[in-house]
Amino acid sequence: MDADRIEGRVRALLATAEHPATPRPEAEAAHAKAAELMMRYALDEASLRAERGERPEPVVYWERVASGAGGHARARSAACGAVIRAHGGRYAVRGDGAYRRDITLLVVTTRAARDALALLLPSLDLQAEGAAHRVTDAYMRTIPEEAFARASDRSRWANGYFRAFLVGHADAVARRIEAARVRLREEAATAACAGATRALVLVGDEERVSAEFRARFPALGRGRGQRVRADGYSAGQAAGRRADLGTGGLGGPRAALS
């Protein structure tokens, strides 16, 4: 299947996922299928290049901004980063999101992964932010006004839930994408001849991405940790996972975000 047909199918799946009338399970399945289609196509193309003795596709550096609107840049950058890692990428960050400033993700991936993420991330952002607003509003309606001494306390509580939802949603989506990568690995390991080429391509891509990342960022500082609310994180995971993948553990009342 050629690149134009793959992109057409991916865009159709993402349009289904983004449509407000699409039931949530169908939207999640559409995103997962879109990601898997692009990964399979990229792997097949890379395998053909290897079999012809051609050089592998380049490893590229690119940047993506996580908006600081509403003071949620750190949650958005963590959400984006989870999906980048699931596609085999590595990233560092510039900025800390203080005072509603943006954070920039400094990303190293294969060119095919970058092209896939350029399609998938805006769609995931749209779905996650829309779901986060809806679920947070519904959650806050269950809490009486008198539970908070000041309106600012109520807003702070809602914002904490919203941020945790974004992180939980992205973590669950990233697990689905990583599950697709694992399937590709397993298929490559068990297939004959062409499978061996695919397995070598997967290993080679990971090594090349890691080497380029180390060369660009030889002395990274340690990121400042942040903790997210367990209730919002759990709600985000429930929205972002398929039933057969499980929730993962929070390891306590709060999950760490770094």
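This write-up is about the structure you can find in this document. (Residues numbered from 1 in each chain as written. Predicted model: local features only at pLDDT ≥ 70, side-chain atom pairs only at ≥ 80, totals over all residues. Heavy atoms only, no water.)

1. A look at helix α4 (residues 111-141)
Thinking step 1. Over its 31 residues, α4 runs 45 Å from end to end, which matches the ideal 45 Å to within 8%, given 1.5 Å per residue.
Thinking step 2. Along its length, α4 reaches its greatest deviation from straightness, about 30 degrees, at L117. (Helix = DSSP H or I, 4+ residues; strand = E, 2+ residues; numbered from the N terminus. Expected span 1.5 Å × (residues − 1). Bend = angle between axes of the 7 residues up to and from the residue.)

2. Details of the nonpolar core
Thinking step 1. By size, the foremost hydrophobic cluster in this structure holds 36 residues, and its most contacted members are V10, W62, I84, L105, L121 and I177.
Thinking step 2. Taken together, the elements giving at least two residues each to this core come down to α1 (3-18), α2 (24-51), β1 (59-66), α3 (73-86), β3 (103-110), α4, α5 (151-190) and α6 (194-216).
Thinking step 3. The element contributing the most residues to this core is α2, with seven residues.
Thinking step 4. For V10, the residues in contact, after removing those within four places along its chain, are A34, L37, M38 and L119.
Thinking step 5. Grouped together as the second largest cluster of nonpolar side chains are 14 residues, V135, M140, F148 and A235 included. (Core = buried A, V, L, I, M, F, W, Y, C linked by side-chain atoms within 4.5 Å. Buried < 20%, exposed > 50% of the residue type's maximum accessible area, 1.4 Å probe, protein only. Contact = heavy atoms within 4.5 Å.)

3. Things to note about the pairing of β3
Thinking step 1. The buried fraction of β3 is high, at eight of eight residues.
Thinking step 2. Pairing between strand β2 (residues 90-94) and β3: five bridges, direction antiparallel. When the bridges of β3 are listed, R90 appears paired with V108. (Pairing = 2+ DSSP bridges.)

4. What about the environment of M39?
Thinking step 1. Within the element layout of this structure, M39 appears in helix α2.
Thinking step 2. Put simply, M39 and A180 are 141 residues apart on the chain and 8.3 Å apart in space, counted from C-alpha to C-alpha.
Thinking step 3. Look past the residues within four positions of M39 in its chain and what remains in contact with it is H87, I177, A180, R181 and L184.

5. Let's talk about the sheet that holds β1
Thinking step 1. Reading across the sheet, the three strands line up as β1-β3-β2 and stay open at both edges, with antiparallel pairing between neighbours. Looking at strand neighbours, the two that pair on one side only are β1 and β2, the edges of this open sheet. Each strand of the sheet is rotated relative to its neighbour by a mean of 20 degrees, with strand direction disregarded.
Thinking step 2. Here α3 sits on the sheet and contacts β1, β2 and β3; the angle it forms with β3, its principal contact strand, is near 5 degrees. (Axes fitted to C-alpha atoms, helices over the stretch in contact; angles between N-to-C directions.)

6. Concerning empty space enclosed by the protein
Thinking step 1. Evaluation of the coordinates by the stated rule reveals one cavity of 30 Å³ or more.
Thinking step 2. Taken together, 19 residues make up the lining of the largest cavity; nearest its centre are A42, H87, T110, R181 and D205.
Thinking step 3. Secondary structure elements with two or more residues in the lining of the largest cavity: α2, α4, α5 and α6. (1 Å grid on protein atoms, 1.4 Å probe; cavity = no way out; pocket = protein on both sides within 12 Å on 5 of 7 lines; lining within 4 Å. Points joined across faces, edges and corners; volume = space filled by probe spheres on them.)

7. As for the layout of surface pockets
It is the rolling of a water-molecule-sized probe over the atoms that shows where space remains empty.
Thinking step 1. Within this model, the second largest pocket holds a volume of roughly 350 Å³.
Thinking step 2. If you trace the second largest pocket, you find 16 residues lining it, with A3, M38, Y41, A112 and D115 closest to the centre.
Thinking step 3. Of all the secondary-structure elements, those providing two or more residues to the lining of the second largest pocket are α1, α2 and α4.
Thinking step 4. In terms of residue count, α2 provides more of the lining of the second largest pocket than any other element does, six residues in total.
Thinking step 5. Each residue belonging to the lining of the second largest pocket can be placed in one class, and the counts come to nine nonpolar, no polar and seven charged. (Nonpolar A, V, L, I, M, F, W, Y, C, P; charged D, E, K, R; others polar.)

8. Focus on the pattern of salt bridges
Thinking step 1. This model, assessed by the stated rule, comprises 14 salt bridges.
Thinking step 2. Here D153 and R156 are joined by a salt bridge, their closest N and O atoms 2.5 Å apart. Here the residue D153 and the residue R156 both occupy positions in helix α5, the gap between them amounting to three residues, near one helical turn.
Thinking step 3. Put simply, E36, R40 and R183 are held in one network by salt bridges that share partners. (Salt bridge = Lys/Arg side-chain N within 4 Å of Asp/Glu carboxyl O.)

None of the figures reported here should be taken as evidence of function without further support.
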